[in-house]
Amino acid sequence: MPRPSRSSSARRSRSIRVFAVRLLLVASLLAAVSATAIGALALREIRKDLPPVEQLAGYRPAVASQVYAAGGELVGEFFLEKRYLVALDRIPPVVRQAFVAAEDSGFYHHRGIDLMSILRAFATNLFAGEVVQGGSTITQQVVKSLLLTPEKSYERKLKEILLSLRLERQLSKDEILYLYLNQIYLGSGAYGVAAAAQVYFDKAIEDLTLPEAALLAGLPQAPSRTSPIHHPERARARQLYVLERMEADGYITRAQGEQAAAIPVPVVIGQRRESAQSRAPDFVEHVRRQLEDRYGNRAPYELGLRIDTALDLRLQQIAERAVLNGLKALDRRRGYRGPMRSLSEAEAQPFLDRQQRAAPRGGYSPGTSVEALVVRPSAERVLLRIGGSEAVLPAAEMSWASPRQATRFRPGDVILVRIEKPAAGGGSYEVSLDEHPEVEGAFLAMDPNTGYVRAMVGGYDYSRSQFNRAVQAYRQPGSAFKPLVYAAALDRGYTPATIVVDSPIVFDDGSNRVWKPENYEQEFHGPTRLREALVHSMNVATVKVAQDIGLPYLISYLPRFGFERPFPRNLSIALGSSEVTLLELVRAYDAFASGGKVYQPIFVTRITDGAGNVVEERRPSSQDALSPETAYLITSILQSVIDRGTGRRARVLRRPAAGKTGTTNDQMDAWFVGYTPDLLAGAWVGFDEKKSLGREETGGRAAVPIWTEFMEGATERMPITDFPIPPGVVFVNIDGKTGLRPAPGDGNVTLECFRRGTEPEQIVQRAQGPAPDDFFRGDF
């Protein structure tokens, strides 16, 4: 059989190769078509899932709301994300340039994506075997932050690219930069450049310098790792990088960059926020609750409101100091409770190390209360350690506790002390023994002629308890309620000179329940003028007045003072048995302080939104409660309370003032509400669990000193003025015993005020007198 020629073999081999190439081309073409079809289908599916970029045109992020005192001081903030929305024209060019240079130098030239950056990131991720680097432009970062999830995947990256291209067609470059600079997280809780300017530098965004702008612009890549607070060296390196990029892009010259790099950038993180929230925490929290009630639970945290309030920051600080001093004075009268705790030798050094790390730079200032570790006690003094410093507690500085207290301390005891003299030049602190009181208190001050609430303290320490006892605690007001009863009597025909017999009385409700009211000192004074009955807070006389004018009349009279809850139908309400809040009682006294009107208490005066539009504005509003004559007569009597009655500790004020003490059964509550012509305030002291303050702890002893200390500081800049006398009030000499016109030659003469037409005409007849009323039985 003949063998095939070599040429035919070559032809067959060539044919096979051609067929293989054609087959490969066809397969490649089919694969490409299939891949294209699959890619198109996948792209179509991805496009279907893309969120609309049009929603970014109505960008409304959660923006912090800020609370301001009446003097313009920032006192509080509410936020989920600490962000202040600012227009791009408020952001200095140097800030915009720093971020563009650091994050996306081609921002003003590309159409949303930078292909070289994407390819560089693709190669890096390919070699790493995972997604470790992005190639994102500023536009892509905006898309990623506002439209997509933070996951790292190629599908999300493709969505990011498509959305970025769309966004560039939808918004201008400046609009995209506006979104970026307001949305970007810059660490330490700051979202956006305006919040970062405040958090890091305590500055408005308009005031940032080039070095500060460069520092902020270095943060977006890794806010935690490059934090200027925790990692200042890394933050400094990023700042220098940003300055180099700004120089390379022509935003600054080399000389400007070198000058900026040489300027230190101090960071004041948190100082403004902490000081703001510590200024009036109870007031700010009450404002937050009001906002939630009016506008919903999320409103304070998202709407970026400016909330202007009636708070007077100077008066607030005086009130806080007065409450602190008053409660500590009462606590000292109750005696020292002993060390806070005791530490073993193994526990002592870690305690001191933690304390040293937390100590303020420059040491503790005088007046600061701080924990101290007992090292060596003796009868003459106690040697202590406060962090890394020594302290000395002389025996004279703990005499209020016990002369032998020093010998009862043991090494390892932790006690609270008050810094008296700082540790100068590495020396020792000189301290006095201190203690956190268990007792609580509240205080509220308002302008009686507008209703503006100027100060409010809800307790001893807001960090210990956020319960606001000025507005949330319902307590019996005791005798502080009596002026309201006496006002009702004056409008029922009584005068300050009306005789009331202070003598025993018993009430029986018909079911063997007997109530026998008694005076605080358990004595009776017989026939007494109405003024004296209130001045000396006589319980029995007050109950008789309430019974005489009629319980239905009294209950119908009380709502004019602003009370919105019904009172129980029993005569004990005349002695303050029905619970009220401090705010309610202070507001009730406004009827006397303002000359007859009760003003609505105003905490928030004005609310504006981020665009400056007024959302709410509160102006003083009042209702007529009393005639000016009745208001003045009560004021006159309450002046006597301070001059010579239960409130005489307030005489040191040395200016016209009126007020009334209140003490409940077993001294569970101590009150004082008082006012000058320009300022109205009330103080309450008591335990949350309703136990006795102590045998002698009346309103005059426990509450009046707080009110007096506040008033002394609050009114020192106010002129001394008298309470205005209404035209319908006249002054007449009367006999101090009978309340009638004095007889010629009578030596017991006193000047009394009356509503015109009610002054006594009868002249006292010495042979006659009011019939005694030694016993009276009535209905409970």
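Position numbers for residues start from 1 in each chain and track the written sequence from start to end. For a predicted model such as this one, the threshold for reporting local features is a pLDDT of at least 70, and the threshold for listing and counting side-chain atom pairs is 80 or more; totals across whole chains, interfaces and linings nevertheless cover every residue. Heavy atoms throughout the structure, all of them, feed into the side-chain values; hydrogens and water do not.

**With respect to the environment of L216**
Inference 1: Numbering of helices and strands starts at the N terminus; helices are DSSP runs of H or I of at least 4 residues and strands are runs of E of at least 2. Secondary-structure assignment places L216 in helix α8 (residues 210–217).
Inference 2: Since its relative accessible area comes to 0%, L216 is described here as buried.
Inference 3: As a C-alpha pair, L216 and A98 span 118 residues in sequence and 8.5 Å in three-dimensional space.
Inference 4: Working rule for contacts: check all heavy atoms of both residues, and any pair within 4.5 Å makes them a contact. Beyond its immediate sequence surroundings of up to four residues, L216 is in contact with F99, L186, V193, A196, A197, Y200, F201 and L208. Only protein chains enter the accessibility calculation, which uses a 1.4 Å probe. A residue is then buried if its area is under 20% of the maximum for its type, exposed if over 50%, and partly exposed in between.

**Some thoughts on a nonpolar patch on the surface**
Inference 1: What goes into a patch is any residue over 30% in relative accessible area without a salt bridge, connected to like charges within 9 Å or, for nonpolar side chains (Val, Leu, Ile, Met, Phe, Trp, Tyr), within 5 Å. For every accessible area listed, the method is Shrake-Rupley and the probe measures 1.4 Å; residues are considered covered only by the protein chains on display. Salt bridges are identified by distance alone: a Lys or Arg side-chain nitrogen within 4 Å of an Asp or Glu carboxyl oxygen. Together, I725, F731 and L751 line one region of the surface with nonpolar side chains, adding up to about 290 Å² of accessible area.
Inference 2: With respect to the element layout, I725 can be found in the loop between α23 (699–714) and β25 (729–735).

**Concerning the pattern of salt bridges**
Inference 1: All chains considered together, the criterion is met by 39 salt bridges.
Inference 2: A salt bridge links R254 to E247, with the nearest nitrogen and oxygen atoms 3.3 Å apart.
Inference 3: Judged by relative accessible area, E247 falls into the partly exposed class, the value being 29%.
Inference 4: Put simply, E532 and R644 hold a salt bridge, and the shortest N to O gap is 2.8 Å. Of this pair, E532 sits in helix α18 (residues 530–535) while R644 sits in helix α22 (residues 628–644), and the two are 112 residues apart along the sequence.
Inference 5: For E532, a relative accessible area of 12% puts it in the buried group.
Inference 6: What makes R644 partly exposed here is its relative accessible area of 38%.

**Some details on the nonpolar core**
Inference 1: Put simply, a nonpolar core is a bunch of buried Ala, Val, Leu, Ile, Met, Phe, Trp, Tyr and Cys residues held in one set by side-chain atoms that sit within 4.5 Å of each other. Counting residues in each nonpolar core, the largest one holds 91 residues, and the members touching the most others are F561, Y589 and F592.
Inference 2: The dominant element in this core, judged by the number of residues it contributes, is helix α21 (residues 582–593), at nine residues.
Inference 3: Ranked by size, the runner-up nonpolar core spans 55 residues in total, among them Y180, I184, A195 and L219.

**Considering empty space enclosed by the protein**
Inference 1: Note on definitions: the grid is 1 Å and covers protein atoms alone; a cavity is a set of points where a 1.4 Å probe fits but cannot get out; a pocket is an open set with protein on both sides within 12 Å along at least five of seven lines; lining residues have an atom within 4 Å of a point. Grid points are joined across faces, edges and corners, and a volume is the space filled by probe spheres set on the points. For the structure on display, the rule yields two cavities of 30 Å³ or more.
Inference 2: As for the largest cavity, its lining consists of D282, E285, H286, R289, Y462, Q466, N468, V471 and Q472.
Inference 3: Each residue belonging to the lining of the largest cavity can be placed in one class, and the counts come to two nonpolar, four polar and three charged.
Inference 4: The calculated volume of the second largest cavity comes to roughly 30 Å³.
Inference 5: Surrounding the second largest cavity, F563, R565, P566, F567, S578, E579 and V580 form its lining.
Inference 6: For this scheme, ten residues count as nonpolar: Ala, Val, Leu, Ile, Met, Phe, Trp, Tyr, Cys and Pro. Four count as charged, namely Asp, Glu, Lys and Arg, and the remainder, Gly too, count as polar. Split by residue class, the lining of the second largest cavity holds four nonpolar, one polar and two charged.

**Digging into helix α19 (residues 539–549)**
Inference 1: Along α19, nine of the eleven residues are buried, which leaves the element largely enclosed by surrounding structure.
Inference 2: Listed as buried for α19 are N539, V540, A541, T542, V543, K544, V545, A546 and I549.
Inference 3: Buried residues belonging to α19 abut α17 (482–490), β14 (499–502), β15 (505–508), β16 (514–515), α18 and α20 (551–557).
Inference 4: Following α19 by one or two positions, G550 adopts a phi angle in the positive range, close to 100 degrees.

**Considerations on the confidence of the model for the chain**
Inference 1: When pLDDT is averaged along the chain, the result is 88, and 86% of the positions lie at 70 or above.
Inference 2: Across residues 270–276, confidence stays below pLDDT 50; counting only partners more than four residues off in sequence or on other chains, it has ten contacts.
Inference 3: The pLDDT value tells you how sure the predictor is about a given residue, anywhere from 0 up to 100. With pLDDT under 50 throughout, residues 767–780 is counted as low confidence; its partners more than four residues away or in other chains account for 28 contacts.

**Considering the sheet that holds strand β5 (residues 306–309)**
Inference 1: A pair of strands counts as paired when DSSP detects no fewer than two bridges linking them. Across the sheet, which stays open at both edges, the five strands sit in the order β2-β1-β5-β19-β20 with mixed pairing between neighbours. Two strands in the sheet have a free side with no partner beyond their single neighbour: β2 (74–78) and β20 (614–617). Across the sheet, the axes of successive neighbouring strands diverge by a mean angle of 15 degrees, strand direction being ignored.
Inference 2: Interaxial angle, 0 to 180 degrees, is taken between N-to-C directions of lines fitted to C-alpha atoms, where a helix line uses only the stretch in contact. The sheet contacts of helix α12 (residues 281–295) involve β1 (65–68), β2, β5, β19 (604–608) and β20, and relative to β2 the element is tilted by about 45 degrees.

**Some thoughts on the packing of aromatic side chains**
Inference 1: When two rings of Phe, Tyr or Trp (its six-membered ring) have centres within 6.5 Å they constitute a pair, described as stacked for plane angles under 30 degrees, edge-to-face for angles over 60, and tilted for the intermediate range. For the structure shown, the criterion picks out 20 aromatic pairs.
Inference 2: Relative to F201, the ring of Y200 has its centre 6.4 Å away and its plane inclined at 50 degrees; by these criteria the two rings are tilted.
Inference 3: Here Y200 falls in the buried class, since its relative accessible area comes to 0%.
Inference 4: Accessibility expressed as a relative area gives 7% for F201, which makes it buried.
Inference 5: For the pair F283 and F603, a centre-to-centre distance of 5.4 Å together with 55 degrees between the ring planes defines the contact as tilted. Here the residue F283 occupies a position in helix α12, and F603 occupies one in the loop between β18 (597–599) and β19, the gap between them amounting to 320 residues.
Inference 6: Take F283: its relative accessible area is 0%, and that puts it in the buried class.
Inference 7: Taken together, the ring pairs connect Y553, Y557, F561, Y589 and F592 into an aromatic cluster.
Inference 8: The ring centre of F107 lies 4.6 Å from the NZ or CZ of K173, which sits over that ring.
Inference 9: Sitting above the plane of the Y68 ring, R306 keeps its charged end 3.9 Å from the centroid. Our definition puts a charge over a ring when NZ of Lys or CZ of Arg is within 6 Å of the ring centre and also within 35 degrees of the ring normal.

**Details of the environment of P656**
Inference 1: Mapped onto the secondary structure, P656 falls in the loop between α22 and β22 (658–663).
Inference 2: On a C-alpha basis, the gap between P656 and P677 in space is 7.8 Å, while along the polypeptide they are 21 residues apart.
Inference 3: With near-sequence residues (within four places) excluded, P656 lies in contact with Q639, Y675, T676, P677, I720, T721, D722 and F723.

**Examining the side chain of R755**
Inference 1: Tracing the sequence through the fold places R755 in strand β26 (residues 749–755).
Inference 2: A polar atom in the side chain of R755 sits 3.2 Å from the side chain of D491.
Inference 3: If we skip the residues at most four places from it in the chain, R755 touches L490, D491, S627, E629, T630, L633 and G728. Polar contacts here mean pairs of N or O atoms no more than 3.5 Å apart (in protein, one a potential hydrogen donor and the other a potential acceptor; neighbouring residues in sequence count only if both atoms are side-chain atoms).

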